[in-house]
Amino acid sequence: MNEEGFSKEEKAVWNAITRFCAYKERCVDDVYRKLIQLGVSENQHHFWVKRLESYGFLNEKRFVESYALARINLKGWGLLKIKNKLLAKNIEPLIVDEVLKKIKDTLNMEEKLLSIAQKKWYKIKTESIQAKKAKLARYLHSKGFGFQDIYKILENDIFR
């Protein structure tokens, strides 16, 4: 990495944003916010993002995969919620769709949904089975699972 010709301030920015990106996967939107926080002028943002990408510090596809897997495994989110959160970070829909399709093909999301539903089912304190199912459906939808998948799971004998 050639830092010759960089001013002292530019070297400080480079060191700060490389540390920022090396700590965990980041998206371009995160880097833009960090550059604003560092006081870098807006006309310089594109330069720094391209430089980070060229050195491998920044990769949207890698970020999407890391983000999605972490949310599925650690927070129990469904693909719909993950997709909405990623789109809110201004990530290209094509990248999001491609990575989520790959994840959906490799992970058994129906099994994850069933596991989350079972855990929640026993925590819901309602006398009516219909009310309990309605609460569970709302909860699972808030976690980012589609209604079609939810109702398919609710037909399971466990939830009777």
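One can find the structure itself at the top, above this paragraph.
A short tour of the structure in this document, coming up. (Residues numbered from 1 in each chain as written. Predicted model: local features only at pLDDT ≥ 70, side-chain atom pairs only at ≥ 80, totals over all residues. Heavy atoms only, no water.)

## Some words on the overall build of the protein chain
Counting secondary structure elements, the protein chain contains nine helices and zero strands. Mapped from its N terminus to its C terminus, the protein chain presents α and β elements in the order α-α-α-α-α-α-α-α-α. Rg of the C-alpha trace for the protein chain: 21 Å, well past the compact-globule value of 15 Å for 160 residues, more than 25% over. Principal-axis analysis of the C-alpha atoms gives the protein chain an extent of 70 × 30 × 20 Å. Considering the protein chain as a whole, with its 160 residues, one finds that 38% of them fall into the buried category. A sequence separation of at least 24 residues applies to 60% of the contacts in the protein chain between residues at least 6 apart. When the accessible surface of the protein chain is split by element, carbon and sulfur atoms take 50% of a total near 10100 Å². In the protein chain, the 32 positive side-chain charges and the 21 negative ones have mean positions that sit 8 Å from each other. (Helix = DSSP H or I, 4+ residues; strand = E, 2+ residues; numbered from the N terminus. Rg over C-alpha atoms; globule rule 2.2 N^0.38 Å. Buried < 20%, exposed > 50% of the residue type's maximum accessible area, 1.4 Å probe, protein only. Contact = heavy atoms within 4.5 Å. Areas by Shrake-Rupley, 256 points an atom, 1.4 Å probe, with all protein chains shown as cover. Lys, Arg positive; Asp, Glu negative; His and termini not counted. Charge placed at Lys NZ, Arg CZ, Asp CG, Glu CD.)

## Topic: the packing of helix α1 (residues 8-23) against helix α2 (residues 28-37)
Between α1 and α2, whose axes approach to 11 Å, the crossing angle comes to 145 degrees. Crossing hand, α1 versus α2: right-handed. Taken together, the residues of α2 that come into contact with α1 (itself represented by Val-13, Ile-17, Phe-20 and Cys-21) are Asp-30, Val-31, Lys-34 and Leu-35. (Axes fitted to C-alpha atoms, helices over the stretch in contact; angles between N-to-C directions. Left-handed = near helix turned anticlockwise from the far one by under 90°.)

## A closer look at unusual backbone geometry
Backbone geometry places Asn-90, a non-glycine residue, at a positive phi of 60 degrees. You can see Asn-90 is positioned in the loop between α5 (79-88) and α6 (93-106).

## Some details on the side chain of Asp-29
With respect to the helices and strands, the residue Asp-29 is situated in helix α2. Residue class for Asp-29 comes out buried when judged on its relative accessible area of 17%. A polar atom in the side chain of Asp-29 sits 2.9 Å from the side chain of Arg-33. In this structure, Asp-29 is in contact with Lys-89 and Asn-90, ignoring residues within four places of it in sequence. (Polar contact = N/O pair within 3.5 Å; in protein donor to acceptor, adjacent residues only side chain to side chain.)

## Some remarks on the layout of surface pockets
Here the largest pocket defines a volume of roughly 380 Å³. What lines the largest pocket is a set of 17 residues, and nearest its centre among them are Leu-79, Lys-104, Met-109, Gly-146 and Asp-149. Of all the secondary structure elements, the ones that give two or more residues to the lining of the largest pocket are α5, α6, α7 (109-121) and α9 (147-154). Considering every element that reaches the lining of the largest pocket, the biggest residue donor is α9, with five residues. Tallied by class, residues from the lining of the largest pocket come to eight nonpolar, three polar and six charged. (1 Å grid on protein atoms, 1.4 Å probe; cavity = no way out; pocket = protein on both sides within 12 Å on 5 of 7 lines; lining within 4 Å. Points joined across faces, edges and corners; volume = space filled by probe spheres on them. Nonpolar A, V, L, I, M, F, W, Y, C, P; charged D, E, K, R; others polar.)

## Some points on the nonpolar core
Within the largest apolar cluster, 30 residues are counted, with the highest numbers of intra-cluster contacts made by Ile-82, Leu-86, Ile-91 and Leu-136. Listed by contribution, the elements that provide at least two residues to this core are α4 (60-75), α5, α6, α7, α8 (129-142) and α9. Excluding residues that lie within four positions of it along the chain, Ile-82 makes contacts with Tyr-67, Ala-68, Arg-71, Ile-72, Trp-77 and Leu-100. Counting residues in hydrophobic clusters, the runner-up holds 14 residues, among them Trp-14, Val-28, Val-40 and Leu-52. (Core = buried A, V, L, I, M, F, W, Y, C linked by side-chain atoms within 4.5 Å.)

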